[in-house]
Amino acid sequence: MRRKDLKLIVLAGIIIPSAANPNSARNDGTRSFALNPDIANLVKNFGSNNWEEEVDIFLANRVTLEQQLSSQREISLIPVNFPSGKVLNFSPGKHNELQKAIIESFLPRYGYGAEILYVGDTAKKFLHLEKNKLKKLNFFELSNGELPDIRHSSLLTTEKLDLFDRSCS
């Protein structure tokens with residue numbers, strides 16, 4: 001079995017690295033893995049009358065794999081500060097780094113008081129949506145089919161907004 005295939009079950013604590021030498025280097029040829037003794041005990045008790053109680057005891061003082069992965073995902077989010085003071089967290093990626101730069105640097109400098117009406121994220125397409133304000137500007141209804149990345153409004157007329165939208169396409 002390849003080490004990369006063990007990554008999640010090691011992270012979950014089901015398998016422990018190097019029972020003989022837990023501090024061995026990752027590329028050490030003598031490195032081995034073993035079943036966590038606590039998991040081994042659960043496996044032995046599977047099907048017994050007190051198995052569910054054993055599982056509850058086992059899980060009581062542990063961070064689950066789901067919790068570990070969830071907290072790692074939250075750590076890697078990109079906080080974006082809107083001119084209004086609102087802060088949203090974007091999923092990681094170059095595209096969202098660009099959106100952050102537009103919102104935090106470009107818009108305050110060149111947006112002349114513009115307000116952000118829509119921002120989409122790969123994880124959440126309608127992360128920020130000002131539906132009523134877009135409707136007031138006669139902007140087409142946003143659907144998953146055609147979504148701009150960022151929509152802002154200042155003192156633009158509908159004609160200027162349409163021209164801006166076409167130039168960004």
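Quantities reported herein were computed from a predicted structural model and do not represent experimental measurements.

Caption draft 1: Structural context of the pairing of strand β5 (residues 115–119). Here β5 lies mainly inside the structure; 4 of its 5 residues are buried. When β5 meets strand β6 (residues 128–129), the two strands line up antiparallel, connected through 2 bridges. Within β6, the residue paired with V119 across the bridge is H128.

Caption draft 2: Representation of the environment of L77 within the structure. Checked against the element boundaries, L77 lands in the loop between α4 (65–75) and β3 (78–81). Along the backbone, L77 and N89 are 12 residues apart, and their C-alpha atoms lie at a distance of 5.7 Å. Other than its neighbours up to four places away in sequence, L77 contacts N89, F90, S91 and P92.

Caption draft 3: Main features of the packing of aromatic side chains. Per the stated rule, a full pass over the model turns up 3 aromatic pairs. Arranged with centres 5.0 Å apart and planes meeting at 85 degrees, the rings of F46 and W51 form a pair that is edge-to-face. On the basis of relative accessibility, which here comes to 60%, the residue F46 falls in the exposed class. Geometrically, the ring pair formed by F106 and Y110 is tilted, given 5.1 Å between the ring centres and 40 degrees between the ring planes. Remark: Y110 and F106 occur in helix α5 (residues 94–110); sequence separation between them is 4 residues, near one turn of the helix. The class of Y110 is partly exposed, set by a relative accessible area of 46%.

Caption draft 4: Fine view of the packing of helix α2 (residues 37–45) against helix α3 (residues 51–60). Remark: α2 packs on α3, axes separated minimally by 9 Å, with the N-to-C direction vectors making an angle of 165 degrees. Relative to α3, the element α2 lies roughly antiparallel. Between α2 and α3 lies a crossing of left-handed hand. Facing D38, I39, N41, L42 and N45 of α2, the residues of α3 in contact are W51, E54, V55 and F58. Grouping the amino acids of the contact of α2 with α3 by side-chain chemistry returns 5 nonpolar, 2 polar and 2 charged.

Caption draft 5: Fine view of the side chain of H128. Among the structural elements, H128 can be located in strand β6. Here the side chain of H128 touches K86 through a polar contact of 3.0 Å, side chain to side chain. In terms of polar contacts, H128 uses its side chain to reach the backbone carbonyl oxygen of I116, at 2.9 Å. If near-sequence neighbours (up to four positions away) are discounted, H128 is found in contact with F82, K86, L88, I116, L117, Y118 and V119.

The rules behind these values
Residues numbered from 1 in each chain as written. Predicted model: local features only at pLDDT ≥ 70, side-chain atom pairs only at ≥ 80, totals over all residues. Heavy atoms only, no water. Buried < 20%, exposed > 50% of the residue type's maximum accessible area, 1.4 Å probe, protein only. Helix = DSSP H or I, 4+ residues; strand = E, 2+ residues; numbered from the N terminus. Pairing = 2+ DSSP bridges. Contact = heavy atoms within 4.5 Å. Phe/Tyr/Trp six-rings, centres within 6.5 Å; stacked < 30°, edge-to-face > 60°. Axes fitted to C-alpha atoms, helices over the stretch in contact; angles between N-to-C directions. Parallel < 35°, antiparallel > 145°, perpendicular 65-115°, else oblique. Left-handed = near helix turned anticlockwise from the far one by under 90°. Nonpolar A, V, L, I, M, F, W, Y, C, P; charged D, E, K, R; others polar. Polar contact = N/O pair within 3.5 Å; in protein donor to acceptor, adjacent residues only side chain to side chain.

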